[in-house]
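Structure at a glance
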Amino acid sequence: MLSVFEFIATLSTTLFCGAAVYINVAEHPARMGCDTRIAATVWAPSYKRATLMQAPMAIHRPLEPGRDLASSETRALLQKWGHTSRRA
């Protein structure tokens with residue numbers, strides 16, 4: 001029975017690690033290569049899907065209704081989110 005739990009723990013850790021590496025190495029850097037409006041627009045669905053996994057790092061300000069998606073403040077929030085997710 002212990003070996004089953006060890007397998008599940010190892011598999012879960014591997015999947016989470018793989019997702020974190022993909023986000024930090026490919027997805028978020030590619031997103032930040034876009035202009036701020038596009039980066040914020042494509043970031044929102046990714047964030048919503050990842051909220052359960054990344055609840056402690058949640059910053060909801062980029063999703064505020066009426067936010068200017070092309071603003072420098074939105075860009076700074078996206079950069080902060082990318083930096084925070086790398087520290088997890």
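The structure this text deals with has already been given above.
Now for a look at the structure at hand. (Residues numbered from 1 in each chain as written. Predicted model: local features only at pLDDT ≥ 70, side-chain atom pairs only at ≥ 80, totals over all residues. Heavy atoms only, no water.)

A word on the packing of aromatic side chains
- For the structure shown, the criterion picks out one aromatic pair.
- With 4.7 Å between their ring centres and 25° between their planes, Trp43 and Tyr47 make a pair best called stacked. Taken together, the positions of Trp43 and Tyr47, both in helix α2 (residues 36-50) and four residues apart, correspond to about one turn of that helix.
- The class for Tyr47 is buried, based on a relative accessible area of 3%. (Phe/Tyr/Trp six-rings, centres within 6.5 Å; stacked < 30°, edge-to-face > 60°. Helix = DSSP H or I, 4+ residues; strand = E, 2+ residues; numbered from the N terminus. Buried < 20%, exposed > 50% of the residue type's maximum accessible area, 1.4 Å probe, protein only.)

Overview of the nonpolar core
- Residues Ile23, Met32, Ala39, Ala40, Trp43, Ala44, Tyr47, Leu78 and Trp81 constitute the largest nonpolar core, which totals nine residues.
- Every element with two or more residues in this core is listed here: α1 (2-32), α2 and α3 (72-87).
- Here this core gets five residues from one element, more than from any other, and that element is α2. (Core = buried A, V, L, I, M, F, W, Y, C linked by side-chain atoms within 4.5 Å.)

Overview of the environment of Leu69
- For Leu69, the location among the structural elements is in the loop between α2 and α3.
- Separated by 29 residues in sequence, Leu69 and Ala40 have C-alpha atoms that sit 6.0 Å apart.
- Apart from the residues lying within four places of it in its own chain, the contact partners of Leu69 are Thr36, Arg37, Ala40, Thr41 and Thr74. (Contact = heavy atoms within 4.5 Å.)

Things to note about the side chain of Ser71
- Tracing the chain through its elements places Ser71 in the loop between α2 and α3.
- Judged by its relative accessible area of 16%, Ser71 is buried.
- Here Asp68 takes part through its backbone oxygen, which lies 3.0 Å from a polar atom of the side chain of Ser71. (Polar contact = N/O pair within 3.5 Å; in protein donor to acceptor, adjacent residues only side chain to side chain.)

With respect to a nonpolar patch on the surface
- Judged by side-chain polarity, Met1, Leu2, Val4, Phe5, Phe7, Ile8, Leu11 and Leu15 come together as a nonpolar surface patch covering roughly 890 Å² of accessible area.
- If you trace the backbone, Leu11 turns up in helix α1.
- For Leu11, a relative accessible area of 39% corresponds to the partly exposed category. (Patch = residues over 30% accessible without salt bridge, like charges linked within 9 Å, V, L, I, M, F, W, Y side chains within 5 Å. Areas by Shrake-Rupley, 256 points an atom, 1.4 Å probe, with all protein chains shown as cover. Salt bridge = Lys/Arg side-chain N within 4 Å of Asp/Glu carboxyl O.)

Side note on the environment of Asn24
- Relative to the helices and strands, Asn24 resides in helix α1.
- Along the chain, Asn24 and Gly82 lie 58 residues apart, while their C-alpha atoms are 7.3 Å from each other.
- Within the structure, the side chain of Asn24 is placed 2.7 Å from the backbone oxygen of Ala20, a separation counted as a polar contact.

Quick word on the pattern of salt bridges
- All told, the structure shown has two salt bridges when counted by the stated rule.
- Here Glu73 makes a salt bridge to Arg67, at a shortest N to O gap of 3.6 Å.
- A relative accessible area of 39% means that Glu73 is categorised as partly exposed.

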